[in-house]
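One letter stands for each residue in the lines below.
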Amino acid sequence: AEMENRHVQMDNVSCSICLDLLKDPVTIPCGHSYCMNCIKDHWDGDQRRKSSCPQCREKFKRRPVLKKNIMLAALVEDLKKTGLQAAAADHCYAGPEDVACDVCTGRKRKAVKSCLFCLISYCENHLQPHHDAPPLKKHKLVNPSNNLQDNICPHHEEVMKIFCRTDQQFICYLCLMDEHKDHETVPAESEVTEKQKELQESRQQIHQRILDQEKDVKLLQQEVEAINVSADKAVEDSEEIFTELIHLLRKRRSDVKQQIRSQQETEVSRVKDVQEKLEQEITELKRKDAELEQLSHTEDHTQFLLNYPSLPALRESTHSSMINIRPLRHFEDVTAAVSELRDKLQDVLRDTWTNVELKITNVDVLLSEPEPKTRAEFLKYSQEITLDPNTANRFLLLSEDNRKVMRVEEQQSYPDHPDRFTVSFQVLSTESLTGRCYWEVEMGGRGFVAVSYKNISKKESFGFNDVSWSLFYTKDGCIRCHNKVKTQVPGPVSSRIGVYLDHRAGILSFYSVSETMTLIYRVQTRFTQPLHAGVWLYDKSSAEFIKP
């Protein structure tokens, strides 16, 4: 409270311009006080404020005459002698969080240094001998510390000035003669110096890595911008192309509609023209029939014979001969032709759409890694494969660790399960495969090495649908199979088959593994689900997934 009151008093005698204690205090007519030079400089600095108070803004008709306030000046001097000295003295004494001087008696001052040789902390006054006395000048001074006792040997109560490299700990000279006598030891300062060098080297390496990674961050930021710009451009161009396609289809639709209507109008006009002529002919025939009927009723033979030659001969109709009664097709062929066009467009879209999607998923960015070439590079992506007993056909026998499977003649007593293959002698892996993966299968006899989506029908075989890809292995050669399409792969292959999957890039490769990696079969597609490894065995063959 006393310190708080002292600060309040100092605030009351402070200049509001320089924020320091008043120097040559003057009081202007409004009652506010300032340093004489501060208020002069304030008024001289701007003519517009030469006659106003900086605090209350009261304006004076004339610039006040400044005279030193004697009472205020005396008060300031008293405060300087008591308040500031007390504040300075309070500042010098150690608080709860400070390191106190070990030499001071009574109220202890703050320590400014600690001596690692004396194991004592000193205030400024008691530290002076370490600056003046030649023997003490050699002592090691450090910033004040409360942990000086950590430098004392717990066994011999001596200062630990030696570092044992064998046990990686500080020791005293008595420890050096006892349990550490055959160890590698150096002066503590030497060890610190060496470690400081290592520390500096580590910092340099860290700084270099920071610089390198900042460059990488900048490159990645540029890559993000490039990806965004490229994607926006691709979307814009695709929208324009699809708009053109839609416009073209709409125009063709309009053309077909217009041509059909035009042809409809022409054909209807032709038919109606013949229809009208036939109707006229019918009218004429009816008139002639009426004349003949009237003549037929003439009883006067003379009149009958005289009028008969005057009747015109009956002409043959020319229009009815144009009408051929047969099964007709009007515009049905147009519908069939448009349907055929639709089917062809669907085929084109289906065939090319895979390529479009492939180009989307195969976007190459800075983070894309090249495909492995050597076995060592493939093994970086090794995936541990275990077989799922719930998927195994009952004529397959699994090893205890579920890595090896054999085709057997005796049916196994596996429980019913919806994931179990019931027709082909197949089994899937427990692991769900995404990202980059590599695994190897040692084949003992004929069989398929495969990958498949988990939702494959349990009555179907690997490679005979669009959700699985397989390689049929024999000693003499291989056959690749997908969606019932089989392709012979010539030449003998190793019994060890390596399978590499880059799910994101849509790459699946089968390799013959020996001293070198020989590519057998490579798939480039778009995977829409996680994959599972699998095998399908013939005869009494076996397959073992090699542990990486």
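Residues numbered from 1 in each chain as written. Predicted model: local features only at pLDDT ≥ 70, side-chain atom pairs only at ≥ 80, totals over all residues. Heavy atoms only, no water.

Looking at an unreviewed UniProt entry, the protein chain carries the name Tripartite motif containing 16, with the source organism given as Poecilia formosa.

Looking only at helices and strands, the protein chain features 10 helices and 21 strands. A compact globule built from 548 residues should have a C-alpha radius of gyration of about 24 Å, whereas the protein chain, at 53 Å, is more than 25% larger. When the backbone C-alpha atoms are referred to their principal axes, the protein chain occupies close to 175 × 100 × 40 Å. Considering the protein chain as a whole, with its 548 residues, one finds that 29% of them fall into the buried category. Within the protein chain, contacts between residues at least 6 apart in sequence are counted, and of these 52% link residues at least 24 apart. (Helix = DSSP H or I, 4+ residues; strand = E, 2+ residues; numbered from the N terminus. Rg over C-alpha atoms; globule rule 2.2 N^0.38 Å. Buried < 20%, exposed > 50% of the residue type's maximum accessible area, 1.4 Å probe, protein only. Contact = heavy atoms within 4.5 Å.)

Quick look at a positive patch on the surface now. A cluster of basic residues, R250, R253, K257 and R261, forms a positive patch on the protein surface. Structurally, K257 is set in helix α7 (residues 188-296). (Patch = residues over 30% accessible without salt bridge, like charges linked within 9 Å, V, L, I, M, F, W, Y side chains within 5 Å. Areas by Shrake-Rupley, 256 points an atom, 1.4 Å probe, with all protein chains shown as cover. Salt bridge = Lys/Arg side-chain N within 4 Å of Asp/Glu carboxyl O. Lys, Arg positive; Asp, Glu negative; His and termini not counted. Charge placed at Lys NZ, Arg CZ, Asp CG, Glu CD.)

For the rest of this paragraph, the subject is the UniProt feature "domain: B box-type" (unreviewed entry) in the protein chain. Per the UniProt annotation, the sites labelled "domain: B box-type" (unreviewed entry) are residues 148-188. From the first C-alpha to the last, residues 148-188 spans 15 Å; its make-up is 15% helix and 22% strand. (UniProt positions renumbered as here; feature names shortened; annotations may be inferred.)

All right, on to a nonpolar patch on the surface then. Judged by side-chain polarity, I241, F242, L245, I246, W353, V356 and I360 come together as a nonpolar surface patch covering roughly 650 Å² of accessible area. Looking at the nonpolar patch, the elements that each hand over two or more residues are α7 and α9 (332-361). Tallying contributions element by element places α7 first for the nonpolar patch, with four residues. By the secondary structure assignment, I246 is in helix α7.

Summarising the element assignment, R420 is placed in the loop between β10 (404-407) and β11 (426-428). If sequence neighbours within four positions are ignored, R420 has contacts with P389, N390, T391, A392, R394, Y414, P415 and K458.

Before going further, it helps to examine the packing of aromatic side chains. For the structure on display, the rule yields 16 aromatic pairs. Ring geometry for F448 against W536: centres 4.4 Å apart, planes inclined by 15°, an arrangement best described as stacked. Taken together, the residues span a long stretch of sequence, with F448 in strand β13 (residues 447-453) and W536 in strand β20 (residues 531-537) at a distance of 88 residues. The two residues F448 and W536 agree in class, both being buried. Pairwise contacts between aromatic rings join F378, Y381, Y438, Y500 and Y511 into one cluster. The lysine or arginine in question, R407, covers the ring of F425, its NZ or CZ lying 3.6 Å from the ring centre. (Phe/Tyr/Trp six-rings, centres within 6.5 Å; stacked < 30°, edge-to-face > 60°. Lys NZ or Arg CZ within 6 Å of the ring centre and 35° of its normal.)

The final tally for this structure, using the stated rule, is 24 salt bridges. Among the charged side chains, a network of salt bridges with common partners joins R165, E184, E191, E194 and K195.

This part takes up a negative patch on the surface. Among the surface-exposed residues, D232, E236, E240 and E244 lie close enough to one another that they form a single negatively charged patch. In this fold, E236 is placed in helix α7.

Attention shifts here to the environment of D41. Tracing the chain through its elements places D41 in helix α2 (residues 36-45). For D41, a relative accessible area of 55% translates into the label exposed. Taking C-alpha positions, D41 is 97 Å from C481, a pair spaced 440 residues apart along the chain.

Let's shift gears to the sheet that holds β10. With respect to topology, seven strands assemble into an open sheet ordered β9-β10-β21-β12-β17-β18-β19, the strand pairing being antiparallel. The sheet is open, and its two edges are formed by β9 (396-398) and β19 (517-524), each paired on a single side. Shown here is a sheet whose adjacent strand axes are inclined to one another by a mean of 20°, direction ignored. Bridge count for strand β18 (residues 507-513) against β19 is seven bridges, and the pairing is antiparallel. Among the inter-strand pairings, Y511 is bridged to a residue of β19, identified as L519. (Pairing = 2+ DSSP bridges. Axes fitted to C-alpha atoms, helices over the stretch in contact; angles between N-to-C directions.)

Quick look at α7 now. The terminal C-alpha atoms of α7, which comprises 109 residues, lie 154 Å apart, in line with the 162 Å expected from a rise of 1.5 Å per residue. All of the buried residues along α7 are A188, E191, E223, V274, K288 and L295. (Expected span 1.5 Å × (residues − 1).)

Turning next to the pairing of β18. Within β18, seven of the seven residues are buried, leaving the element largely enclosed by the surrounding structure. Of the strand pairs in this sheet, strand β17 (residues 496-502) and β18 are connected by six bridges, and their pairing is antiparallel. Paired with V499 across the two strands is F510, which belongs to β18. In this structure, the hairpin formed by β17 and β18 is closed by a connection of four residues, where G506 is found at a positive phi of approximately 70°. Counting the residues in the hairpin turn of β18 and β19 gives three residues.

Let's shift gears to α2. Taken residue by residue, α2 has M36, C38, I39, H42 and W43 as its buried positions. Looking at the buried side of α2, the elements it contacts are β1 (25-27) and β2 (33-35).

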